[in-house]
Amino acid sequence: LCLTAAWNPSLAHAYAKSIGEECRAGGIGILLGPGMNIYRNSQCGRNFEYLGEDPFLAGSMVEQYIVGVQNTGVIATLKHFIANNTDYNRRASNSIISERAIHEIYLPAFKAGVDAGALAVMTAYNQLNGEWCGQSDTVINGLLRGELGYQNLVMTDWWSVNDCKALVESGQDLEMPAGDSMGPLQEQIEKGEVKIESIDRMCVSLIKTLIQME
């Protein structure tokens, strides 16, 4: 938030580059940031790590942030997709947002990050209009992969999903941290409830992303 208050994209690049260098020095290949949820609720405990309340400014800063991190060979992760605007009870919250507000306020910073070449996206804990973001076809296949044209790794936030079939079909790639909801997968494949092609797609997305950053 302090970085964004500088209104200085070049500083965002330098700042992110230094973070990328620290990641490399520590053997970290994927940075779980930057966060870019719009500052809508002053009580949101994650506001300090987001990029403010203005969609244009947030997009301008994140664009250079992504370039700065990834030029060091570290994958940047856009988070939390989408509309994670409260920290209180966020594992159960439901963000009710109109189509216009989604496109004018909540998507622009993510679009800027995707256009800048971000190689990972983390989905949010909350629901968007009644669907859990981490296993929502509307959120991942519709908004992220469809409208924004994103083609790389999508991961869940930690323990944020609970439906194996919905997760696989949503466009999600990786359940963090341990794949707890994937227990029924083998049985669902054998029953024909989940297509093996969907699993192949998840694997290809993971491998493709890692190859791009080698």
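J.: So what about the sheet that holds strand 2 (residues 75–81)? Which residues, and what values?
T.: In spatial order, the strands read 1-2-4-7; together these four strands make up an open sheet with parallel pairing. With one partner strand each, in any of the chains shown, strand 1 (30–31) and strand 7 (153–155) form the two edges of the open sheet. Relative to strand 4 (residues 120–123), strand 2 is paired through three bridges, and the arrangement is parallel. Along strand 4, the bridge assignment pairs T77 with A120.

J.: Can you tell me about the packing of aromatic side chains, naming the residues and giving the values?
T.: Each aromatic ring pair is described using two quantities: the centre-to-centre distance and the angle formed by the ring planes. Going through the model one piece at a time under the given rule, you end up with two aromatic pairs. Taken together, a centroid distance of 5.0 Å and an interplanar angle of 90 degrees make the contact between F81 and F110 edge-to-face. Highlighted residues: F81 in strand 2 and F110 in helix 5 (residues 108–115), separated in sequence by 29 residues. F110 shares its class with F81; the two are buried.

J.: Tell me what's going on with the pattern of salt bridges, and back it up with residues and numbers.
T.: Evaluation of the coordinates by the stated rule reveals 11 salt bridges. In this structure, the salt-bridge partner of K17 is E21, at a minimum N-O distance of 2.6 Å. Here K17 and its partner E21 are both found in helix 2 (residues 9–25), four residues apart, which amounts to about one turn of the helix. By relative accessible area, E21 is classed as partly exposed at 40%. The residue R201 makes a salt bridge to D173 at a minimum N-O spacing of 2.9 Å. Remark: D173 occurs in the loop between helix 7 (164–169) and helix 8 (185–190) and R201 occurs in helix 9 (residues 196–212); sequence separation between them is 28 residues. Through salt bridges with shared partners, a single network forms among R46, E49 and K79.

Calculation notes
- Residues numbered from 1 in each chain as written.
- Predicted model: local features only at pLDDT ≥ 70, side-chain atom pairs only at ≥ 80, totals over all residues.
- Heavy atoms only, no water.
- Pairing = 2+ DSSP bridges.
- Helix = DSSP H or I, 4+ residues; strand = E, 2+ residues; numbered from the N terminus.
- Phe/Tyr/Trp six-rings, centres within 6.5 Å; stacked < 30°, edge-to-face > 60°.
- Buried < 20%, exposed > 50% of the residue type's maximum accessible area, 1.4 Å probe, protein only.
- Salt bridge = Lys/Arg side-chain N within 4 Å of Asp/Glu carboxyl O.

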